[in-house]
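Chain and residue survey
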Amino acid sequence: MYQPPDAGRWTGRVDSVSDERAFRLHQRIRLLDLSQPLETAAERAAAFIGFACDEGVRRNQGRQGAKEAPAAVKAALARLPWHLPEGVVVYDAGDVVCVDERLEQSQTELGKAVARLLQHNMAPIVIGGGHETAYGHYLGVREALGTDARLGILNIDAHFDLRPYDDGPTSGTMFRQILDQDDRVSYFCLGIQRLGNTAALFADAETYRCRYMLEDELTAGPIEAAYEQIEKFAADHDAVMLTFCMDAISAAAAPGVSAPSPFGLAPSLARALIRRIVSHPKTISVDLCEVNPLLDEGGKTVALAAAFCMEALLHFQRLQPRR
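Let us look at the structure shown here. (Residues numbered from 1 in each chain as written. Predicted model: local features only at pLDDT ≥ 70, side-chain atom pairs only at ≥ 80, totals over all residues. Heavy atoms only, no water.)

Turning to the packing of helix H5 (residues 133–145) against helix H6 (residues 174–181), a few remarks are in order. With their axes 8 Å apart at the nearest point, H5 and H6 run at an angle of 30° to one another. Judged by the inter-axis angle, H5 sits roughly parallel to H6. Of the residues in H6, those in contact with Ala134, Tyr135, Tyr138 and Leu139 of H5 are Met174, Phe175, Gln177, Ile178 and Gln181. Of the residues contributing to the contact of H5 with H6, the split by class is seven nonpolar, two polar and no charged. (Axes fitted to C-alpha atoms, helices over the stretch in contact; angles between N-to-C directions. Helix = DSSP H or I, 4+ residues; strand = E, 2+ residues; numbered from the N terminus. Parallel < 35°, antiparallel > 145°, perpendicular 65-115°, else oblique. Contact = heavy atoms within 4.5 Å. Nonpolar A, V, L, I, M, F, W, Y, C, P; charged D, E, K, R; others polar.)

Set out below in structure tokens:
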């Protein structure tokens, strides 16, 4: 299920071949084949790993096409200018691909890839895929941290994704799966929409002691209130992982998703939340999910997803120069 990185995705405009101030990401990216032995990376390193899967979306009766996102988002990232600090190394670590509807096995394989990156001193940025990506991401983080660490999951999303999984996991079940199997995890969701979740799901969120902020709270209130809640949540945990579902964004800005949100977050607000979360020293990894290039309009959802991934790189605390 693992596919090594494809250099052909990393092409774009070249303003200079010698002046690094004019470089773009495709001129700085390094390829990393996870099927080969790895050496410990540079002190400050990050790696993109794709999860080409929308089997969870299919099972959840959503609009399929998110499996095309890793290739599309990496191609859009390639064209963005390089503004990272000196000494930072960024890798493309290839993709995990869901084959023959084997969602559970593909999530396990993604977990192995994420764990390997973390164990070799790299900050993973996972590009989904449906939001079932988050479960594979979690498996890797837990493997890398060990069983005793307190893990906080921060989710920017319109939906709780706490559905029952009696008939198998989908893109709407993963946080319930995690909370059922791991009593060292807590869950905080930012951007929840009342019209995107039934009363039963709100009741389940209370049962599982999930923290959440509604979309209209975030939109109408001062962002400092969200920052305060993020800080309190992080303080209760040894490590934090961020998972970001693009259907949290207003459909006007992100039409190419599985479940468009007419009252979603503005991109600038989501960017501010990403910056705040990844700049926290306890944040160790990120995933971005639910981009559907097949349903996009003019490539704007793909371009926005690439910009969010770059914002995560630029503001990751673990990639900043040590003082």
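Here the narrative resumes.
Working note: non-glycine residues mostly have negative phi, and peptide bonds are mostly trans. Here glycine 128 and glycine 129 are connected by a cis peptide whose omega angle stands at 20°. The backbone of aspartate 100 shows a phi angle near 55°, a positive value even though the residue is not glycine. With respect to the helices and strands, the residue aspartate 100 is situated in the loop between strand S4 (89–97) and helix H4 (103–119). Residue aspartate 100 is classed as exposed on the basis of its relative accessible area of 63%. (Buried < 20%, exposed > 50% of the residue type's maximum accessible area, 1.4 Å probe, protein only.)

Overall, the coordinates contain eight aromatic pairs when judged by the stated rule. Taking the ring centre of phenylalanine 202 as reference, the NZ or CZ of arginine 194 above it sits at 5.3 Å. (Phe/Tyr/Trp six-rings, centres within 6.5 Å; stacked < 30°, edge-to-face > 60°. Lys NZ or Arg CZ within 6 Å of the ring centre and 35° of its normal.)

Mapped onto the secondary structure, glutamate 215 falls in helix H8 (residues 215–220). Among all residues touching glutamate 215, those that are not within four sequence positions of it are Gly191, Ile192, Gln193, Phe263, Gly264 and Leu265.

In this section: the pattern of salt bridges. In the structure shown here, the tally under the stated rule is 21 salt bridges. As a salt-bridge pair, aspartate 95 and lysine 74 come within 3.0 Å of each other at their nearest N and O atoms. Within this pair, whereas aspartate 95 is found in strand S4, its partner lysine 74 is found in helix H3 (residues 69–78), the two being separated by 21 residues in sequence. In this pair, the class of aspartate 95 matches that of lysine 74, namely buried. Glutamate 228 is paired through a salt bridge with lysine 232; the nearest N and O atoms lie 3.4 Å apart. Here glutamate 228 and its partner lysine 232 are both found in helix H9 (residues 223–235), four residues apart, which amounts to about one turn of the helix. The exposure class assigned to glutamate 228 is partly exposed, which follows from its relative accessible area of 44%. (Salt bridge = Lys/Arg side-chain N within 4 Å of Asp/Glu carboxyl O.)

Function cannot be inferred from these measures alone, as they are strictly geometric.
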